[in-house]
Structure formats: C-alpha cells, structure tokens
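Listed below, chain by chain, are the residues.
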Amino acid sequence: MTQNQHYDTIILGGGLAGLTLAMQLKQQSPEIKVLVLEKSDGKAPDAAHKVGESTVELATHYLREVLNLKDYMDEHQLPKHGLRFFISPEHKNEIHRRVELGPKVFLPVPSHQIDRGSFENDLIDMDVELGIEVQLGAKVIDADLKDENHTVTFSIDGEEHKATSRWVVDATGRASFLKRKLGFAEAFDHNVNSAWFRVDYKIDIDTWSDNEKWHSHVDNGLRYLSTVHLMDTGYWVWIIPLVGGRTSVGIVADEAIHPFKTYNSLEKSLAWIEENEPQFGRELASLKDKILDFKVMKHFAHASKETFSTDRWAVTGESGLFGDPFYSPGSDFISMANTWTTDLILRDLKGEDIFFRTKFYAQVFRALYDNWMPLYQNMYPLWGKTQVMVAKIFWDWGAYWSINTLLFTNNGLTDLDLLKTLTAGPTSILQKYGELSKHMQRLFLDWGPHDNADLNDRYTDPFDLDFLKKFQEDIVEKEFDRDELLLKFEENMLILEHIAAETFRLVSNQVHGTSMELTVDPYTMSLNGEDRKSKNSKEVLRNAHIAKEMRNMWLYPYPEKVKV
C-alpha cells in the first residue's frame, strides 16, 4: 500500500466488531474512506477458533436490518431456535427428566448460530466490495492521537507503514491496543473462566432420549438449532450447532466453585464434562478424534474507563467492555458500540460539534453495562437452583426485550432528546429500570438457599406467559415514533413492576408463608426484612392477569386458596 495515505477512519482489527463497523460506516456514508488493519495474514478457516456464535434479538436486528444482511444470514448461517436451558441437576443422566426452559416454536424475532470463520471471511469480501480497504497481515505498532490527524504505524511483512486519519477505532479484541497504550483498562470483579472447542460432528440432544412425552414438547429438529445450556451450581456448558454439521462446545464456570485448573486443557475438559454432565460426557468420549481445536479464557470479564473520546477515538467489541457469555450478549455490545461510534464519526465529518454527544454516549453505555452485570455477579451458585433459574431467566428476558432491545430497534441509542428524557434524574425510566433490575437480582440471591426441591419432568416456555410474548412481538411488529416509544416504555415498566411484585409474593409465600394478596413495593422489597428506601417507592397491588400468567412458570405447588 502507499505510504502516508489519509483516511477518515482507521479501524484497528478486522474481526466481527471491526468489519461490521466498517460496513455500517460505509453503508451510511458511501463517500467515507475507511482502512481496516487486521493482523492475521489470511482468511480464517471455517468453524474458526473464536467464541461468539450465538446471536440474540438486539444483535440480530443489527445484522439483519441495520447492516442489511438479512438475505445473507438466511442463506449462509444457521437459524437459531432460541436459548434453551436444562436445569434439575439431580437428573444429569436422563435429559428428559430435567426441567427444560425454551421456546416450543420459532420466535417472532429471528436469530442465528454463526460460524465466525465463514462469516468474517464473507464480511471481508463484502467490505472490499463496498470500497473499504482491508489490509491483512498488518501488525499495529503505534497510534499517535495527539494531532488533528492521527497517525497509525503498522508493519506488513516486516516493512513499516504509516497512515493518517481523523478517527481511530480500536477493535483489536482482547489485545486492547488503545486501552493498553492509554492506560484506561479497568478490572471487573467477576471471576469466571471458560474453555471451549469445536467438534466436527453434529451433536443433537434430541438423540439423548427416547421418551415420547419429552419429544412431543418441541417439533423435531428445533432443539438441535437452539443454544443449549446444561446447568448446575457454578457452571453451564454450551452446545451450539454450526454450519457444515460441526458443533461448538464450551464450559463456563465460577473459579470459586470449579477451579480453572480442573478443565484448562482438552483432556481435563473432557474429563470435567464426563464428571459434571455425564450424559453429554459419554457422547463426547466417542468423538475425541473429531475435536478440531481447543481454547481457554481466564477471568474474561473486564470494564473500561473510556469508550468514546472527544479526541476522536473509540473502542468497540472486546477492546472495550465485556461481561459474560450467558444469554449471548457479546454481539449486542458490539452492535451498540458500533452504532454510537458510527453516529459520532459521521456527525463529526459533517462538521457538527459532538463534544456533548461523545460524553453522553459514553455515560449511557457504561450505565447499561453496570446495569447488565448484576445479572451475573455472584449469581453462578444459583445455576443449580431450578425454580430460581426459571424465574430469573424469564425476568431477565422480559427486561431485555421490553427495554434494551426496544430502545435499540427504534433507533433510540442516537436520539439525544429521547435519551435525555429516559435518563434524567432518579425517577426517569432507565434509572427506575436499573434500580428495579438490581432489586430483582438481590431477590434471586436471597431466595437461593430456600430452593432445594427436586423439581423435574417439566417443560416451560417463555411464550406460555403472554406478556413475555408481547414484549418480543413489539420488537418486530411496529416501529414507534418518539412519543409512542416513551409511552411504550412507561407501559412496559408498569408490567415489569407487576412481574417483580408477583415474583416477590410467590417467593415470600414459599419462604415465609405470607399472603399472596400482599401489597408489594418492588423498589424496597426485601426477602430478609432489610429496610430500604427509594425515590421510586410505590405500592403495587396484585394484578390478576399477570398473576394468572405467572402460574405457568411456578414449579412448586401453587399456594392453595388463592384466586387469580
């Protein structure tokens, strides 16, 4: 390439985050000049050695609708039949006896199981076709961000090159080039580790049982397309199908319960799975010669003191914030970071003053991260608590669909006036949402020691609860204008408050024998009688419809003499 060439944006890293950002910039501003620097010197193999194959609703909207990849995803990547959880750890040898949580039929919002190797290779080709310069085999040496035009120094085949740009975006993943250079790394207290590998074989859990009742719950073939979670105290094991009949397998575990040293090699991982998930372990024992690779990641959660800078640089993907792969949110964080970064770059190139936007987007992004992480922190001991996990998963999904995803799919992340309204003061919608979510996670933790029954032989579907079904349908059925969206958020928050209150009634009745007609303040509720105060404090009376729907997720005997 030519020395000292100038670009509007240089993206460091050509993985999923960097390639999709380049595409988003070019699609929204065809005249923009973008350079992507990727250190690998060739395209990735299929079933690439990367984690992050499972997308959920927010990222699916980003890929299919924002990047216009709908036809590509349908043709070249597997459809996904939701997230599927097998709890009831007392029955690890008989999958049909475990409590199963997952959708029976395809969801209103499509999602995908992505082969990261083939997908990123295709993204390179699509980016080049759009006019984006993608330089493979480029090792970034330095980025000088002090001048009006930033200077990036990199090498190709040992020869040093320089290029200038107005913006630099770090998408180098865990290499975190700018974070290391500028010193804004931030540790996060979530000591969970992972190991994973690919198997050149179609692992289909439907073959694990001949039980007719179990097979009748889900149409043939749909379990195979799910992201499967096998769960017990302190861990979950994933099984994800990939194109070409391959399968991704991973272990994610809390260090305090399952030390990393017990599964940090392939042989140890196989032995660990055989011990902790024996039914799956027996199948893997016959597939050792079909295992393609192995990788580990220790203490993967990390925060970032910076994400978007008024000095015209940004971080996206794992270069910035990363939480936990449970619920598959990694691509969601890429989608949000890329959308904010694209908005800032294009406004700046048009001459707009983006100082306030840059600061505000960074604050909102960090607030979303801080509100998301309590879903995981200290929660892994609950992964073997059957009723707690059913209630928690349904709550977490409902909150995610009704607020996070709806905000993204209606272009709310870059609507400054909307964001100001949603975040202004402790009684604003997003502040209430964050507070309510944290109280619910606290309730699950306090409830954990009381959920010890052997609950089994049950199938539960999120769409057995019609308010959860409506939350997801709203993602695709209508695009709301600003006023409609605000009203929808207020409506959804009221439903979430009723869900929280009814969950507390059920839990308090089980633990303390209290009345199901209890008036509950979801912002101060405490299973242990703690004295809490909140500016959002309100008494929530029982809602008959929500109470009736929530019976569908209650696995214990429902309280007698209760009218709903």
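Residues numbered from 1 in each chain as written. Predicted model: local features only at pLDDT ≥ 70, side-chain atom pairs only at ≥ 80, totals over all residues. Heavy atoms only, no water.

1. Topic: the overall build of the protein
Across its full length, the protein carries 16 helices and 20 strands. When its C-alpha atoms are laid out on the principal axes, the protein stretches across 80 × 60 × 40 Å. Across the protein, every contact between residues at least 6 apart in sequence was considered, and the portion connecting residues at least 24 apart equals 75%. (Helix = DSSP H or I, 4+ residues; strand = E, 2+ residues; numbered from the N terminus. Contact = heavy atoms within 4.5 Å.)

2. Details of the layout of surface pockets
In this model, the second largest pocket occupies a volume close to 250 Å³. Forming the walls of the second largest pocket are 14 residues, and the residues nearest its centre are Ala367, Asn371, Thr423, Leu430 and Gln431. Ranked by the residues each element gives to the lining of the second largest pocket, the list is headed by helix α10 (residues 355–372), at seven residues. For the lining of the second largest pocket, a count of residues per class yields six nonpolar, five polar and three charged. (1 Å grid on protein atoms, 1.4 Å probe; cavity = no way out; pocket = protein on both sides within 12 Å on 5 of 7 lines; lining within 4 Å. Points joined across faces, edges and corners; volume = space filled by probe spheres on them. Nonpolar A, V, L, I, M, F, W, Y, C, P; charged D, E, K, R; others polar.)

3. Some thoughts on the pattern of salt bridges
Summed over the entire model, instances satisfying the criterion amount to 34 salt bridges. Here Asp348 makes a salt bridge to Arg166, at a shortest N to O gap of 2.6 Å. Highlighted residues: Asp348 in helix α9 (residues 330–349) and Arg166 in strand β10 (residues 159–170), separated in sequence by 182 residues. With its nearest N and O atoms 3.6 Å apart, the salt bridge here joins Asp343 to Arg357. (Salt bridge = Lys/Arg side-chain N within 4 Å of Asp/Glu carboxyl O.)

4. Side note on helix α15 (residues 482–512)
Over its 31 residues, α15 extends 44 Å from the first C-alpha to the last, a length consistent with the 45 Å expected when each residue adds 1.5 Å. Looking one or two places after α15, you find Gly513, whose phi comes out positive at around 75°. (Expected span 1.5 Å × (residues − 1).)

5. Comments concerning empty space enclosed by the protein
Enumeration according to the criterion identifies seven cavities of 30 Å³ or more in this entry. Size it by volume and the largest cavity reaches roughly 150 Å³. Around the largest cavity sit 16 residues that line it, and Val56, Glu57, Leu83, Trp397 and Trp401 are the ones nearest its centre. Per-element tally for the lining of the largest cavity: the top contributor is helix α11 (residues 386–409), with three residues. In this structure, the second largest cavity occupies an estimated 100 Å³ of space. Those elements giving two or more residues to the lining of the second largest cavity turn out to be α10, α11 and α13 (429–447). When grouped by side-chain class, the residues that make up the lining of the second largest cavity number six nonpolar, four polar and one charged.

6. Focus: the environment of Val56
The residue Val56 is located in the loop between β2 (34–38) and α2 (57–66) in this model. Residue Val56 is classed as buried on the basis of its relative accessible area of 5%. As a C-alpha pair, Val56 and Arg166 span 110 residues in sequence and 33 Å in three-dimensional space. Ignoring any residue separated from it by four or fewer positions in sequence, one finds Val56 in contact with Lys80, Leu83, Tyr327, Ser328, Asp332 and Tyr400. (Buried < 20%, exposed > 50% of the residue type's maximum accessible area, 1.4 Å probe, protein only.)

7. Describing α13
Helix length check: α13 (19 residues) gives 27 Å between terminal C-alpha atoms against 27 Å at 1.5 Å per residue, within 8%. With 14 of 19 residues buried, α13 is to be regarded as a mostly interior element.

8. Overview of the packing of α9 against α10
Where α9 contacts α10, the two axes come as close as 11 Å, and the packing angle between them is 175°. Comparing the axis directions of α9 and α10 gives the class roughly antiparallel. Residue-level inspection shows Phe333, Met336, Ala337, Trp340, Asp343, Leu344 and Arg347 of α9 in contact with α10, the latter providing Arg357, Thr358, Tyr361, Val364, Phe365, Leu368, Tyr369 and Trp372. In the contact of α9 with α10, the residues fall into 11 nonpolar, one polar and three charged. (Axes fitted to C-alpha atoms, helices over the stretch in contact; angles between N-to-C directions. Parallel < 35°, antiparallel > 145°, perpendicular 65-115°, else oblique.)

9. Focus: the nonpolar core
Phe85 and Phe326 are the most contacted members of the largest nonpolar core, which has 138 residues in total. Sorting elements by how many residues they give to this core places α11 first, with 15 residues. Setting aside residues up to four positions removed in sequence, Phe85 forms contacts with Val99, Glu100, Leu101, His229, Met231, Phe326, Tyr327, Ile393 and Trp397. (Core = buried A, V, L, I, M, F, W, Y, C linked by side-chain atoms within 4.5 Å.)

Function-wise, these values are silent; they only describe arrangement.
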